[in-house]
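Letter by letter, the chains look like this.
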Protein chains: 2
Amino acid sequence: MADLNPAFSNRIPSDDDRVRQICDHCGFIDYVNPKIVAGAVVEAEDGRILMCKRAIEPRSGFWTLPAGYMENGESVSDGAAREAREEACAEIEIIDMLGMYSIPRISQVQIFFRARLANPHIAAGPESQEVALYQWEEIPMNELAFPSVRWALEDWRARKGTTGQPPALRTQGVDLKPY
Amino acid sequence: MADLNPAFSNRIPSDDDRVRQICDHCGFIDYVNPKIVAGAVVEAEDGRILMCKRAIEPRSGFWTLPAGYMENGESVSDGAAREAREEACAEIEIIDMLGMYSIPRISQVQIFFRARLANPHIAAGPESQEVALYQWEEIPMNELAFPSVRWALEDWRARKGTTGQPPALRTQGVDLKPY
């Protein structure tokens, strides 16, 4: 533990065709690929939507949907269900896929599902200041944490009351129009 | 560069709740999340499907669909188009999303699109021994490289001639049935 500061250089590994971060200390190659954020628009029985007021940075104090980085060893839908459990103490049932949002600028792919509360219990988890169930008109649209929260809410509203629809595909917020 | 062998220990970082690999040399925390494989079932104008015989391990000599690890700074659909270009020298147009396959065992999420060839030109890229356009009945089903190739082909066939359908959602090959 001579040096606790990682020191990476940008070089092309011998069997590769693009620049990767390589540790100057130990030669470790950090293959960085886009990360998946898994989340859900969760409806209560009366149609209200589950939202969480963030207790952590970035965007502490702003409202979000339950969502977070997918972990190894789980499916995308299991990741969305885990985040609802962690952030809102909520058990959810996945209905279908709502949207996939590529955000190349920050190398994220955000995948949202439609889901319903399996039971009425919700409570703020450690990463939430509070949780709430909102009618559409009550959603604090001017206090949303991230653009993708708005995209998911809009895509949910466009599909309200329907089933069997394809998810919205957006890149940096812009819809990918099917041919 | 005293030591070119990375030496990672499995420990829980102070602000985390699960074990991560931490470099003993420099303290680098290797947050490993599932990787995205982006691919496409690409149709020629006459309905034949573009397939590639792999020239690299794993599964060299077996047949696959153009697909590979998504890179930072691109969208999922752009990743699928890049892989078709690299593996089959093919320019493609994305039609819609075909399937999303979570494979927790190997921490991958494979996302396939339906696409069409933008022009008739195809040729083997450096990772392919050969490329071919197959009618459904001609596909070498007993020489497929990976289970997900079969899933994508089956999900494509189930949607043939239709539009506006939701993608198949599978976890380790098993369909996620919508509620």
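Computed from a predicted structure; not experimentally measured.

Draft legend 1. Looking closely at the sheet that holds strand S1 (residues 8-11) of chain B. With antiparallel pairing, 3 strands are arranged side by side in an open sheet as S1-S2-S3 (chain B). One side of each edge strand has no neighbouring strand; the edge strands of this open sheet are S1 and strand S3 (29-30) of chain B.

Draft legend 2. Here's a closer look at the sheet that holds strand S3 (residues 29-30) of chain A. All names here are of chain A. If you walk across this open sheet you meet the 3 strands as S1-S2-S3, and the pairing is antiparallel. The open sheet has two edge strands, strand S1 (8-11) and S3, and neither has a second partner. Where S1 meets strand S2 (residues 20-23), 4 bridges bridge the pair, whose relative direction is antiparallel. Counted as the bridge partner of Arg-11 is Arg-20 from S2.

Draft legend 3. View of the pairing of strand S9 (residues 108-117) of chain B. Residue and element names in this part refer to chain B. Burial analysis of S9 places 9 of its 10 residues in the buried class, the great majority of the element. Bridging between strand S8 (residues 92-103) and S9 involves 10 bridges; their strand directions are antiparallel. Looking at the pairing, Glu-93 lines up with Arg-116 of S9. Hairpin connection, S8 to S9: the antiparallel pair is bridged by 4 residues, and Ser-107 has positive phi, about 50°.

Draft legend 4. Broad picture of the interface of chain A and chain B. Taken together, the contact between chain A and chain B spans 55 residues of the former and 55 residues of the latter. Taking both partners together, chain A and chain B bury about 4,500 Å²; carbon and sulfur atoms supply 60% of that area. Between chain A and chain B we count 2 salt bridges in total. Notably, a salt bridge pairs Arg20(A) with Glu71(B), separated by 3.0 Å at the nearest N-O pair.

Draft legend 5. Fine view of the nonpolar core. Formed by 52 residues in total, the largest nonpolar core has its most connected members in Ile92(A), Met100(A), Ile111(A), Ile92(B), Met100(B) and Ile111(B). Residues contacting Met100(B), with those up to four places away along its chain left out, are Val76(A), Met97(A), Ile111(A), Phe113(A), Val109(B), Gln110(B), Ile111(B), Ala168(B), Leu169(B) and Arg170(B).

Draft legend 6. Just the side chain of Arg20(B), in detail. For Arg20(B), the position within the fold is in strand S2 (residues 20-23). You can call Arg20(B) buried: its relative accessible area is 9%. Polar contacts involving the side chain of Arg20(B) include one to the side chain of Glu71(A), which spans 3.0 Å. Not counting chain neighbours up to four residues away, the residues in contact with Arg20(B) comprise Glu71(A), Ser9(B), Asn10(B), Arg11(B), Pro13(B), Ile29(B) and Tyr31(B).

Cut-offs applied
- Residues numbered from 1 in each chain as written.
- Chains lettered and ligands numbered in written order.
- Predicted model: local features only at pLDDT ≥ 70, side-chain atom pairs only at ≥ 80, totals over all residues.
- Heavy atoms only, no water.
- Pairing = 2+ DSSP bridges.
- Helix = DSSP H or I, 4+ residues; strand = E, 2+ residues; numbered from the N terminus.
- Buried < 20%, exposed > 50% of the residue type's maximum accessible area, 1.4 Å probe, protein only.
- Contact = heavy atoms within 4.5 Å.
- Buried area = accessible area lost by both parts, 1.4 Å probe.
- Salt bridge = Lys/Arg side-chain N within 4 Å of Asp/Glu carboxyl O.
- Core = buried A, V, L, I, M, F, W, Y, C linked by side-chain atoms within 4.5 Å.
- Polar contact = N/O pair within 3.5 Å; in protein donor to acceptor, adjacent residues only side chain to side chain.

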